[in-house]
Amino acid sequence: MFFSYGTKILYQNNEALQSKFFLPLQKAMLPPNSFQGKVAFLTGGGTGLGKGMTALLSSLGAQCVIASRKIDVLKATAEQISSQTGNKVHAIQCDVRNPEMVQNTVSELIKVAGHPDIVINNAAGNFISPTERLSPNAWKTITDIVLNGTAYVTLEIGKQLIKAQK
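Here's a quick rundown of the structure. Quantities reported herein were computed from a predicted structural model and do not represent experimental measurements.

**Considering the overall build of the protein chain**
- Each helix and strand counted, the protein chain has four helices and six strands in total.
- Element order for the protein chain, N to C, with α for helix and β for strand: β-β-β-α-β-α-β-α-β-α.
- Each of the 166 residues in the protein chain was classed as buried or not, and the buried ones make up 32%.
- Contacts in the protein chain between residues at least 24 apart in sequence constitute 64% of all its contacts with a sequence separation of at least 6.
- Accessible surface, the protein chain as shown: approximately 11000 Å² in total, 56% of it carbon and sulfur.

**Brief notes about helix α4 (residues 136–163)**
- Helix length check: α4 (28 residues) gives 38 Å between terminal C-alpha atoms against 40 Å at 1.5 Å per residue, within 8%.
- Of all the bends in α4, the greatest, near 35°, is centred on N148.
- Along α4, the residues classified as buried are A138, T141, I142, D144, I145, G149, V153, E156, I157 and Q160.
- Its buried side turned inward, α4 meets β3 (39–43), α3 (99–113) and β6 (118–121).
- Once α4 ends, the next one or two residues include Q165, with phi positive near 55°.

**So, the nonpolar core**
- Grouped together as the largest cluster of nonpolar side chains are 15 residues, with contacts concentrated most on F41, V65, V96, V102, L109, V153 and I157.
- Non-local contacts of F41, meaning those with residues more than four positions away in its chain, are made with V65, A67, T105, L109, P116, I118, V119, I120, V153 and I157.
- A62, C64, I66 and I81 belong to the second largest nonpolar core, which has 11 residues in total.

**Quick word on the layout of surface pockets**
- Looking at the largest pocket, its volume works out to about 530 Å³.
- Lining the largest pocket are 24 residues, and of these G44, T47, S68, R69 and A124 sit closest to its centre.
- Going through the elements one at a time, α1 (48–59), β4 (63–68) and α4 are the ones with two or more residues in the lining of the largest pocket.
- Examining the composition of the lining of the largest pocket, we find that three residues originate from one element, α1, more than from any other.

**Here we look at the environment of R69**
- Tracing the sequence through the fold places R69 in the loop between β4 and α2 (71–85).
- Accessibility expressed as a relative area gives 45% for R69, which makes it partly exposed.
- Along the backbone, R69 and D95 are 26 residues apart, and their C-alpha atoms lie at a distance of 5.2 Å.
- When sequence neighbours within four positions are dropped, the list of residues in contact with R69 reads Q93, C94, D95 and R97.

Definitions and cut-offs
Residues numbered from 1 in each chain as written. Predicted model: local features only at pLDDT ≥ 70, side-chain atom pairs only at ≥ 80, totals over all residues. Heavy atoms only, no water. Helix = DSSP H or I, 4+ residues; strand = E, 2+ residues; numbered from the N terminus. Buried < 20%, exposed > 50% of the residue type's maximum accessible area, 1.4 Å probe, protein only. Contact = heavy atoms within 4.5 Å. Areas by Shrake-Rupley, 256 points an atom, 1.4 Å probe, with all protein chains shown as cover. Expected span 1.5 Å × (residues − 1). Bend = angle between axes of the 7 residues up to and from the residue. Core = buried A, V, L, I, M, F, W, Y, C linked by side-chain atoms within 4.5 Å. 1 Å grid on protein atoms, 1.4 Å probe; cavity = no way out; pocket = protein on both sides within 12 Å on 5 of 7 lines; lining within 4 Å. Points joined across faces, edges and corners; volume = space filled by probe spheres on them.

Structure representation (structure tokens):
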């Protein structure tokens, strides 16, 4: 558990709460090769949840393409996961707030891996701040990434899938 006020930590316990009856799974629930021959595209794939989802999808056979603003982080993640799973992970730099950049990223995605079977809009804008302290600019940044970025990616991929009759 973690409680804070602003950036001041009030209480932190690193032991995860566990159920008495249902122990946490240490491996994927799906059988091996569940995503063999599938293409997965993940925004925000270089760190955190995106990195974890990429690692899992790749371990289950998916060819993954990850995108975010920081190409050095993406390349390191792609190399790490590729070496762990034996499946190629592609890294493409993209700021989902920019519709033209999204369009170019989707074109590159299709060129290097084919049309995606799985799309995970994971890019996020986070500020370590109580909500009431967020400035209008911070709020705009969050909504541009989370709301508009999700729309730009989904719409562009949808257009390309329709064009390819998929």
